[in-house]
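# Survey of secondary and tertiary structure
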Amino acid sequence: MKDGAKLKAFVFFKGRSIVFKEQGQILLLKLAQELEEYGKVEQMPKLEGKRMIMFIAPKKVK
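Residues numbered from 1 in each chain as written. Predicted model: local features only at pLDDT ≥ 70, side-chain atom pairs only at ≥ 80, totals over all residues. Heavy atoms only, no water.

So, about the UniProt feature "domain: Translation initiation factor 3 C-terminal" (unreviewed entry) in the protein. Under the present numbering, the feature "domain: Translation initiation factor 3 C-terminal" (unreviewed entry) in UniProt falls on residues 2-59. Secondary structure over residues 2-59 splits into 24% helix and 41% strand, and the C-alpha atoms at its two ends are 9 Å apart. (UniProt positions renumbered as here; feature names shortened; annotations may be inferred. Helix = DSSP H or I, 4+ residues; strand = E, 2+ residues; numbered from the N terminus.)

So, about the packing of aromatic side chains. Two descriptors summarise a pair of aromatic rings, namely the distance from one centre to the other and the angle between the planes of the rings. Throughout the structure, instances matching the rule amount to 0 aromatic pairs. The side chain of Arg-51 reaches across the aromatic face of Phe-10, ending 4.3 Å from its centre. (Phe/Tyr/Trp six-rings, centres within 6.5 Å; stacked < 30°, edge-to-face > 60°. Lys NZ or Arg CZ within 6 Å of the ring centre and 35° of its normal.)

Glancing now at helix α1 (residues 21-34). End to end, α1 covers 20 Å across 14 residues, agreeing with the expected 20 Å (1.5 Å per residue, within 8%). The complete set of buried residues in α1 reads Gly-24, Leu-28 and Ala-32. For α1, the angular spread of buried residues about the axis comes to 80°, placing them on one side. What points out from α1, more than 90 degrees from its buried face, is the exposed set Glu-22, Gln-23, Leu-27, Lys-30, Gln-33 and Glu-34. On the buried face of α1, the contacting elements are β1 (7-12), β2 (39-48) and β3 (51-58). (Expected span 1.5 Å × (residues − 1). Buried < 20%, exposed > 50% of the residue type's maximum accessible area, 1.4 Å probe, protein only. Arc of directions from axis to C-beta. Contact = heavy atoms within 4.5 Å.)

A surface patch of nonpolar side chains, amounting to about 230 Å² of accessible area, comprises Leu-29, Val-41 and Met-44. Examined against the element boundaries, Met-44 turns out to sit in strand β2. Accessibility expressed as a relative area gives 47% for Met-44, which makes it partly exposed. (Patch = residues over 30% accessible without salt bridge, like charges linked within 9 Å, V, L, I, M, F, W, Y side chains within 5 Å. Areas by Shrake-Rupley, 256 points an atom, 1.4 Å probe, with all protein chains shown as cover. Salt bridge = Lys/Arg side-chain N within 4 Å of Asp/Glu carboxyl O.)

Listed below in structure tokens is the structure:
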């Protein structure tokens, strides 16, 4: 992210673990909170099939 690249984070749900979607969303939001000083959330966690995906874009370097 320091080089200007975007981050694509995802949680993959195996088997019946898809019923715990909220826990996957909490995990991704915790990651976004930890990386808050380096970038901002471009796309909130979204479920696509068995994956929950989130994009984080780097902050502008002055």
